[in-house]
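Overview (structure and organization)
Here is what each chain is made of, one letter per residue.
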Amino acid sequence: MKKLILIFLILLLFPDVCFAIEEEITLPKNAEFELKFDEPKKVLFQKSYINEFSPVLNFRGVYDADIKEERSNFTYPFILEGGGEIKFDESKNKIKIVSNFTRNVDDLDNKFLGKLSDVYFERQINNNHKIVIGNSRLPFGIEGSKSTYNLMFSKRAQIGDNFNDARALGVKYTGNYNGFSYCAGGFSSTRYLQDVTDGAEFAGWLSYKPFYEKNHIFKDLKIGAGTNVGAAGSGYSVFGSGLEWEYDKFLFNIEYAYADGSNSSEYNPNKQEGFYSTFVYDLNEKLQLALRYDIFDYNTKQPDTTVQKYTVGLNYYVFKQRFRFGLDYTYTLNPGLNNDSNSINFLTQIML
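Definitions and limits used
- Residues numbered from 1 in each chain as written.
- Predicted model: local features only at pLDDT ≥ 70, side-chain atom pairs only at ≥ 80, totals over all residues.
- Heavy atoms only, no water.
- Helix = DSSP H or I, 4+ residues; strand = E, 2+ residues; numbered from the N terminus.
- Contact = heavy atoms within 4.5 Å.
- Areas by Shrake-Rupley, 256 points an atom, 1.4 Å probe, with all protein chains shown as cover.
- Pairing = 2+ DSSP bridges.
- Salt bridge = Lys/Arg side-chain N within 4 Å of Asp/Glu carboxyl O.
- Buried < 20%, exposed > 50% of the residue type's maximum accessible area, 1.4 Å probe, protein only.
- Phe/Tyr/Trp six-rings, centres within 6.5 Å; stacked < 30°, edge-to-face > 60°.
- pLDDT = per-residue confidence, 0-100.
- Core = buried A, V, L, I, M, F, W, Y, C linked by side-chain atoms within 4.5 Å.
- 1 Å grid on protein atoms, 1.4 Å probe; cavity = no way out; pocket = protein on both sides within 12 Å on 5 of 7 lines; lining within 4 Å.
- Points joined across faces, edges and corners; volume = space filled by probe spheres on them.
- Nonpolar A, V, L, I, M, F, W, Y, C, P; charged D, E, K, R; others polar.

As for the overall build of the protein chain
The secondary structure content of the protein chain amounts to three helices and 20 strands. Long-range pairs, those at least 24 residues apart, make up 47% of the contacts in the protein chain with a sequence separation of at least 6. As presented, the protein chain carries roughly 18,900 Å² of accessible surface, and 59% of it is formed by carbon and sulfur atoms.

Describing the pairing of strand E13 (residues 222–230)
Across eight bridges, the pairing between strand E12 (residues 200–208) and E13 is antiparallel. Bridging from a neighbouring strand, Leu 206 pairs with Ala 225 of E13. Adjacent in sequence and paired antiparallel, E13 and strand E14 (residues 236–247) are bridged by five residues, among which Gly 233 carries a positive phi angle near 60°.

Comments concerning the pattern of salt bridges
Across all of its chains, the model carries 16 salt bridges by this definition. With its nearest N and O atoms 2.7 Å apart, the salt bridge here joins Lys 155 to Asp 64. Taken as a pair, Lys 155 in the loop between strand E9 (129–137) and helix H3 (158–164) and Asp 64 in strand E4 (residues 50–68) lie far apart in primary sequence, 91 residues in all. Assessed through its relative accessible area of 10%, Asp 64 is described here as buried. Between Glu 244 and Lys 146 there is a salt bridge, and its shortest N-O distance comes to 3.1 Å. Here Lys 146 lies in the loop between E9 and H3 and Glu 244 lies in strand E14, a separation of 98 residues in the sequence. Shared partners join several salt bridges into a network, and the residues in it are Glu 85, Lys 94, Glu 122 and Lys 130.

A look at the packing of aromatic side chains
By the definition in use, this model includes 16 aromatic pairs. Judged by centre distance (6.3 Å) and plane angle (45°), the ring pair of Phe 211 and Phe 218 falls under tilted. Phe 211 gets classed as partly exposed once you look at its relative accessible area, which sits at 31%. Relative to Phe 279, the ring of Phe 250 has its centre 6.0 Å away and its plane inclined at 50°; by these criteria the two rings are tilted. Highlighted residues: Phe 250 in strand E15 (residues 250–263) and Phe 279 in strand E16 (residues 267–282), separated in sequence by 29 residues.

Topic: the confidence of the model for the protein chain
When pLDDT is low, close inspection of the predicted coordinates is not appropriate. Looking at the protein chain as a whole, the pLDDT averages 88, with 89% of positions reaching at least 70. Counted against residues more than four places away or in other chains, residues 1–26, with its pLDDT under 50, gives 26 contacts.

A word on unusual backbone geometry
Not every positive phi belongs to a glycine, and Ser 91 is a case in point at roughly 65°. Phi at Asp 304 is positive, roughly 55°, even though this residue is not glycine. Looking at Asp 304, the relative accessible area reads 53%, which means it is exposed.

Quick word on the environment of Tyr 173
Here Tyr 173 shows up in strand E10 (residues 167–177). Placed 51 residues apart in sequence, Tyr 173 and Glu 122 show a C-alpha to C-alpha distance of 9.8 Å. Look past the residues within four positions of Tyr 173 in its chain and what remains in contact with it is Ile 125, His 129, Lys 130, Ile 131, Tyr 182, Cys 183 and Ala 184.

Structural notes on the nonpolar core
The nonpolar side chains of a soluble globular protein tend to be buried with one another. With eleven residues, the main nonpolar core is built from Phe 140, Ile 142, Ala 157, Ile 159, Phe 163, Trp 205, Val 238, Ala 257, Ala 259, Tyr 276 and Phe 296. Those elements that place two or more of their residues in this core are H3 and E15. What Tyr 276 contacts, discounting residues up to four positions off in sequence, is Ile 142, Glu 143, Ala 157, Ile 159, Asn 253, Ile 254, Glu 255, Arg 292, Tyr 293 and Asp 294. Counting residues in each nonpolar core, the second largest holds six residues, with Phe 153, Val 280, Ala 290 and Tyr 317 among its members.

What to know about empty space enclosed by the protein
Counted according to the given criterion, the structure contains one cavity of 30 Å³ or more. Residues belonging to the lining of the largest cavity are distributed by class as follows: five nonpolar, three polar and five charged.

Brief notes about the environment of Pro 210
As for its position among the elements, Pro 210 is in the loop between E12 and E13. With 30 residues separating them in the primary sequence, Pro 210 and Phe 180 have C-alpha atoms 8.8 Å apart. The residues touching Pro 210, leaving out its near neighbours within four places in the chain, are Leu 221 and Ile 223.

Below, the structure written as structure tokens:
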């Protein structure tokens, strides 16, 4: 026990240390830790069928102060996730299981399965292609395809919330070739690993870098489009397109999507559409400025259902995405409620 405490203190003081575990600790003799705070933690195995094990423990909390004319609302929603990732067969194969301990599953039939997020097997076919089988994020949208922990703001754009933020049970194929990158798959339209008899769905996204062979500022310009169609409810179809450009300290993207019914966390029969644009500038290695314009029509068949949001944010990366703070201010125009609002969000994110 004293050795475990000593090792823990060493890790806190020297996060870049890499050392072998002594035989007396109940880990295999051929195991060693690889510990860098700005990277996922790993237990490496020598001459073993399992190549490495990476534990997952993530916290993401947002203090939300929503200030309106009639009333104000102060909340602190947070995500606490835990699990692990195992690589084996010379790291060509991977199994990942992560549970969201704080997800509200009161309305779900199977509450245990409802807590699970990523539960999948991944096979690396070659350096450019892989296949994923299990419950994973749907490959649709620029922001929608990104993990929550890689967002520039404390909250997704309205497109992301209503169209993109979903995981489903199925099979997807990911690859890239000559400037093209693509991901597509077939899934169950049921969410949260519940009854999978609701129907099937397809989701896919194709991107292209037209100047990927050119050595100039537009080398990383990426244009993409995709769709998510399925059979839940009376059926749904979402179509989107976008552009993303990164250069030096700058990032710029725009994305548009239209839906005739949608199925993010739950089925919605309305016709909806939305657009957002983001501009990001790295002030220095740790401090980042982000601006976003975000507009969304929650029902194109009804008047006064369009919500506009203007957001400015600052991100401070202590250890990249693994330990960061964020501060956002959002001004919201909501003519349907005739009640514009101001909100301040403070983000704390820790990924051990």
